[in-house]
Amino acid sequence: MDHDPEYEEKLKEFEARIARGEKIEPGDWMPEEYRRQLIRMISQHAHSEVVGMLPEGAWITRAPNLRRKLILIAKVQDEGGHGQYLYHAAETLGATREEMIEALLTGRAKYSNVFNYPTLTWADVGVIGWLVDGAAIKNQTMLARCSYGPYSRAMVRICAEESFHHKQGKEMVIQYALGTPKQKAMVQDAINRWWWPALMMFGPHDTDSPNTPVLVRWGIKTRTNDELRQEFVNEMVPELHAVGLSVPDPDLYYDETTGNWVHGEIDWDEFWRVIRGNGPCNKERLAARRKAHEDGLWVREALEAYARKRVAGVVS
Ligand code: 3HC
């Protein structure tokens with residue numbers, strides 16, 4: 001699309017600011033595509049955090065002891081808070097909460113593939129903490145350097161809390177891997193079910209990632225999907241092996257020349273099937289979000305009524 005010279009001049013200055021490592025703030029000039037991409041990414045990130053409360057939340061009432069229950073309650077509560085930070089960050093770009101929630105509840109917006117799988121045993125809670133939050137931290141640490149100020153700052157706060165999520169999951173998995181044969185079998189089963197969905201969290205291969213080029217150009221992503229995925233695999237494989245757990249990938253091998261653990265081909269048909277709404281739990285997850293939204297209507301109406309009275313000076 002041809003732009004007028006004034007636009008070209010503004011774009012040049014915008015890109016120079018990013019090259020200098022400056023943060024773009026809500027009131028600054030930005031290309032509409034920059035705004036659109038950020039609203040897309042941040043709102044879907046927020047949806048992922050809130051939907052991500054559901055798989056683990058199901059285990060709060062069934063935690064094996066008070067300590068684990070307290071940790072899980074804190075983690076699930078954190079995820080809800082992450083969703084709020086991120087919805088707010090998206091609102092600084094002009095998106096409204098209503099529009100974003102509507103997009104999620106109607107199935108138009110995406111959320112992370114990984115939350116569309118069932119949590120079948122208690123060991124899933126530990127594996128989600130170690131693998132899923134571990135993958136999320138890999139991605140979110142990168143996003144903490146994002147060129148858009150509010151997103152970058154939200155990531156700094158979120159990463160601090162995610163590292164607790166990651167550590168508590170790792171502690172649980174190691175305890176079970178070194179525990180009774182039944183505990184080890186339970187945690188290996190969970191690894192077998194969550195390993196590939198966790199690799200898919202990083203998105204399609206860079207060659208199939210339509211958004212990555214512009215996101216990298218404008219400093220929203222500073223690493224690519226494949227780069228982060230490879231770093232995650234390189235970290236996770238030795239740690240899983242160290243506690244006697246295996247990776248469910250018969251094609252996995254260590255490449256001495258690159259120092260990479262080379263994983264087998266990801267089932268992209270499953271990836272696209274799941275993110276297009278046909279995963280094991282998509283319908284259940286959206287039904288739960290729709291019910292929560294309906295159940296919360298009275299709260300929203302009460303707040304709006306109070307806000308109107310505040311504006312009218314009827315209440316202080
Ligand atoms: N799940 C669902 N959809 C995905 C996906 C995934 N794992 N990976 C990619 N997609 C979608 C993209 O959204 C895009 O669709 P859209 O254009 O309709 O939005 C399409 O697949 C093509 O993918 P691209 O690689 O071109 O998309 P991106 O460049 O946006 O990369 C991403 C995908 C890496 C997920 C990127 O959007 C991103 O970094 N998002 C922010 C981080 C995020 O959302 N993390 C979700 C996990 S949050 C979490 O785990 C909570 C923790 O507390 C447990």
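Whatever comes next refers back to the structure up there.
None of the values given here were measured: they were computed from a predicted structure.

Draft legend 1. Looking closely at the overall build of the protein. Looking only at helices and strands, the protein features 13 helices and two strands. Over its C-alpha trace the protein gives a radius of gyration of 21 Å, about what one expects of a compact globule, namely 20 Å for 316 residues. The C-alpha extent of the protein, read off along each of the three principal axes, is 65 × 55 × 35 Å. Across the protein, contacts joining residues at least 24 apart in sequence account for 76% of those joining residues at least 6 apart. In the structure as shown, the protein presents an accessible area of about 15,500 Å², 58% of it carried by carbon and sulfur atoms. When the 40 positive and 46 negative side-chain charges of the protein are each reduced to one mean point, those points stand 6 Å apart.

Draft legend 2. How the structure looks around the side chain of Arg285. Structurally, the position occupied by Arg285 is in helix H12 (residues 282-295). Setting aside residues no more than four positions away along its own chain, Arg285 makes contact with Val51, Leu54, Pro55, Tyr111, Phe115, Asn116, Tyr117 and Pro118.

Draft legend 3. The site of the ligand, seen in detail. Glu79, Lys110, Glu162, Ser209 and Lys221 are the nearest of the 34 residues found near the ligand. At 2.7 Å from an oxygen atom of the ligand is found a side-chain nitrogen or oxygen belonging to Ser209. A distance of 2.9 Å separates an oxygen atom of the ligand from a polar side-chain atom of Asn225. For the ligand, the accessible surface in isolation is 1,000 Å², of which the surrounding protein chains cover 91%.

Draft legend 4. Layout of the nonpolar core. Core analysis: the largest hydrophobic core is formed by 84 residues, its most contacted members being Tyr34, Leu131, Tyr148, Tyr151 and Trp195. At ten residues, helix H6 (residues 123-143) tops the list of elements feeding residues into this core. Discounting residues that sit within four places of it in the chain, Leu131 has contacts with Ile191, Trp194, Trp195, Ala198, Phe232 and Met236.

Draft legend 5. Spatial organisation of the packing of aromatic side chains. Considering all chains together, one arrives at 13 aromatic pairs under this definition. With 6.4 Å between their ring centres and 75 degrees between their planes, Tyr34 and Tyr148 make a pair best called edge-to-face. With Tyr34 in helix H2 (residues 32-51) and Tyr148 in the loop between H6 and helix H7 (149-177), the pair connects residues that are 114 residues apart, well separated along the chain. Both residues of the pair, Tyr34 and Tyr148, belong to the buried class. Taken together, a centroid distance of 6.3 Å and an interplanar angle of 65 degrees make the contact between Tyr117 and Trp194 edge-to-face. With Tyr117 in the loop between helix H5 (97-105) and H6 and Trp194 in helix H8 (residues 181-200), this residue pair connects regions lying 77 residues apart in the sequence. Residue Tyr117 is classed as buried on the basis of its relative accessible area, which comes to 9%. Feature note: the residues Tyr7, Phe14, Trp29, Tyr34, Tyr148 and Trp218 constitute an aromatic cluster, connected by ring pairs. The ring of Trp59 has Arg62 sitting right over it, with the charged end atom 3.9 Å from the ring centre.

Draft legend 6. Region of the structure containing the packing of H6 against H7. Relative to each other, H6 and H7 sit at 155 degrees, their axes nearing to 7 Å. On the basis of the axis angle, H6 is roughly antiparallel to H7. By crossing handedness, the relation of H6 to H7 is classed as left-handed. Taken together, the residues of the contact of H6 with H7 break down into eleven nonpolar, eleven polar and three charged.

Draft legend 7. Structural detail: the pattern of salt bridges. Overall, the coordinates contain 26 salt bridges when judged by the stated rule. The salt bridge involving Glu32 is made with Arg35; its shortest N-O contact spans 3.3 Å. With Glu32 and Arg35 both in helix H2 and three residues apart, the pair spans about one turn of that helix. Two residues, Arg67 and Glu171, come together in a salt bridge whose shortest N-O distance is 2.9 Å. Remark: Glu171 occurs in helix H7 and Arg67 occurs in helix H4 (residues 66-91); sequence separation between them is 104 residues. Overall, Glu171 belongs to the partly exposed group, its relative accessible area being 34%. Three or more residues joined by partner-sharing salt bridges are found here, namely Glu13, Arg17, Arg20, Glu22 and Asp28.

Draft legend 8. Geometry of the environment of Ile158. When you line up the elements, Ile158 lands in helix H7. Remark: the alpha-carbon pair of Ile158 and His82, spanning 76 residues in sequence, is separated by 6.3 Å. Discounting residues that sit within four places of it in the chain, Ile158 has contacts with Glu49, His82, Tyr85, Leu86 and Gln140.

Parameters at a glance
- Residues numbered from 1 in each chain as written.
- Predicted model: local features only at pLDDT ≥ 70, side-chain atom pairs only at ≥ 80, totals over all residues.
- Heavy atoms only, no water.
- Helix = DSSP H or I, 4+ residues; strand = E, 2+ residues; numbered from the N terminus.
- Rg over C-alpha atoms; globule rule 2.2 N^0.38 Å.
- Contact = heavy atoms within 4.5 Å.
- Areas by Shrake-Rupley, 256 points an atom, 1.4 Å probe, with all protein chains shown as cover.
- Lys, Arg positive; Asp, Glu negative; His and termini not counted.
- Charge placed at Lys NZ, Arg CZ, Asp CG, Glu CD.
- Near = heavy atom within 4 Å.
- Polar contact = N/O pair within 3.5 Å; in protein donor to acceptor, adjacent residues only side chain to side chain.
- Core = buried A, V, L, I, M, F, W, Y, C linked by side-chain atoms within 4.5 Å.
- Buried < 20%, exposed > 50% of the residue type's maximum accessible area, 1.4 Å probe, protein only.
- Phe/Tyr/Trp six-rings, centres within 6.5 Å; stacked < 30°, edge-to-face > 60°.
- Lys NZ or Arg CZ within 6 Å of the ring centre and 35° of its normal.
- Axes fitted to C-alpha atoms, helices over the stretch in contact; angles between N-to-C directions.
- Parallel < 35°, antiparallel > 145°, perpendicular 65-115°, else oblique.
- Left-handed = near helix turned anticlockwise from the far one by under 90°.
- Nonpolar A, V, L, I, M, F, W, Y, C, P; charged D, E, K, R; others polar.
- Salt bridge = Lys/Arg side-chain N within 4 Å of Asp/Glu carboxyl O.

On their own, these measurements won't tell you what the molecule is for.
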